[in-house]
Amino acid sequence: MAPIFGFFGKVDTKVWYSLILLILLIAHICVGAHVFKVLETGDKAKNRTEDLIWQKGFFTHWLTEKGFKRPDNKTYDRLTHDELHVVMKNLYYMRCFKTDNKATDASMWNFWTSFDFTSTIVSTIGYGGMAPRTQTGKLFVIVYTIPGMLLMMSYLNIFSTCILIVLRKIIKMIRKLSNLNRMPDVVEQAIVLWVSLMFLCTYLLVMATLMHMQNPDNDSFPQSLYFYVITMTTVGFGDITLIDHTYLALIRILFVFCIGLVLVSLVFNAIRELAAAYQRRLVEVSQRIAMKTLAVAKQHRLHHNNAIDNGEEKLMGVD
């Protein structure tokens, strides 16, 4: 293959591998999104009836318990199915109410929401805002998850390793241009880790700021930062989720996958490299100490043997 970044040498092959894995990963997510959309919206009439029957009982109880009142002071159990469905969706998008598996009805499954859902599977984030409600969909999750996770882990590992190699080469280039002496491997790895942490922190602050600017009323900056930290660490509590029914879901996912999770993987790989460099340094120091100890012991033994030989010669002279 022709080199992409000839200046960085062996990075080229890893870049090609990471690009191929990213394409396969996105294709895997797209196929899964289409399959989930088909499975979860198969019998729309039946799904909608079941959803509305369940929502009628549970959601009216929740509204009454929270003290919501209609403008005409009528109770919510007198709402029609369509009116109740509109109320539920409005509250869901305002993040006042988090639906669970039973409330993830067929109307919420389009290609983009399915795309968002499959991305939370392969990244192991698992917000829980959406989940398959059909038995076929649940069985497909079992088959779909493992290949997606393998693709994701391979992509993150290879791409973050590329960035580590590039960072080390940049540090060496700066050192040569500055006429600095060769620094210990531990110090070099510590600088790489520091730079990686700065990249990750900058990314979190920028994304949290953008989220806060898009919805300042519902998303404060601390809450937005909390959301991205929970997302990037793949904890995914699900108390805050982003609901996108358009191509914006693709843009957000690409930002999370191509930048966010790669930076998290970069930090973990940098910590691993620093630990390995520190271990190598300890081995080198222990070997030097052992060699010096052996040298001192050998020298002491020679002195001792010389002293014995000199003592024997003196005794022979006396005789």
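Predicted, not measured: the structure shown is a model, and the values here were computed from it.

A rise of 1.5 Å per residue sets the reference length of helix H4 (residues 111–122), with its 12 residues, at 16 Å; its end C-alpha atoms lie 17 Å apart and thus fit the reference within 8%. Of the positions making up H4, those classed as buried are Thr113, Ser114, Phe115, Asp116, Phe117, Thr118, Ser119, Thr120, Ile121 and Val122. Its side-chain oxygen at 3.0 Å from the backbone nitrogen of Trp112, Asn110 defines the N-terminal cap of H4. Thr124 sits one or two residues past H4 and shows a positive phi near 60°.

Next up on the list: the pattern of salt bridges. Taken as a whole and judged by the stated rule, the model has three salt bridges. As a salt-bridge pair, Asp185 and Arg280 come within 2.4 Å of each other at their nearest N and O atoms. Remark: Arg280 occurs in helix H8 (residues 248–318) and Asp185 occurs in helix H6 (residues 185–214); sequence separation between them is 95 residues. Given the relative accessible area of 27%, Asp185 is considered partly exposed.

With their axes 8 Å apart at the nearest point, H6 and helix H7 (residues 221–232) run at an angle of 130° to one another. If you check the angle between H6 and H7, you find them oblique. H7 is crossed by H6, and the crossing has right-handed handedness. When H6 is examined against H7, the residues Tyr203, Leu204, Leu205, Met207, Ala208, Thr209, Met211 and His212 are found in contact with a partner set consisting of Phe221, Ser224, Leu225, Phe227, Tyr228, Val229 and Met232.

Calculation rules
- Residues numbered from 1 in each chain as written.
- Predicted model: local features only at pLDDT ≥ 70, side-chain atom pairs only at ≥ 80, totals over all residues.
- Heavy atoms only, no water.
- Helix = DSSP H or I, 4+ residues; strand = E, 2+ residues; numbered from the N terminus.
- Expected span 1.5 Å × (residues − 1).
- Buried < 20%, exposed > 50% of the residue type's maximum accessible area, 1.4 Å probe, protein only.
- Polar contact = N/O pair within 3.5 Å; in protein donor to acceptor, adjacent residues only side chain to side chain.
- Salt bridge = Lys/Arg side-chain N within 4 Å of Asp/Glu carboxyl O.
- Axes fitted to C-alpha atoms, helices over the stretch in contact; angles between N-to-C directions.
- Parallel < 35°, antiparallel > 145°, perpendicular 65-115°, else oblique.
- Left-handed = near helix turned anticlockwise from the far one by under 90°.
- Contact = heavy atoms within 4.5 Å.

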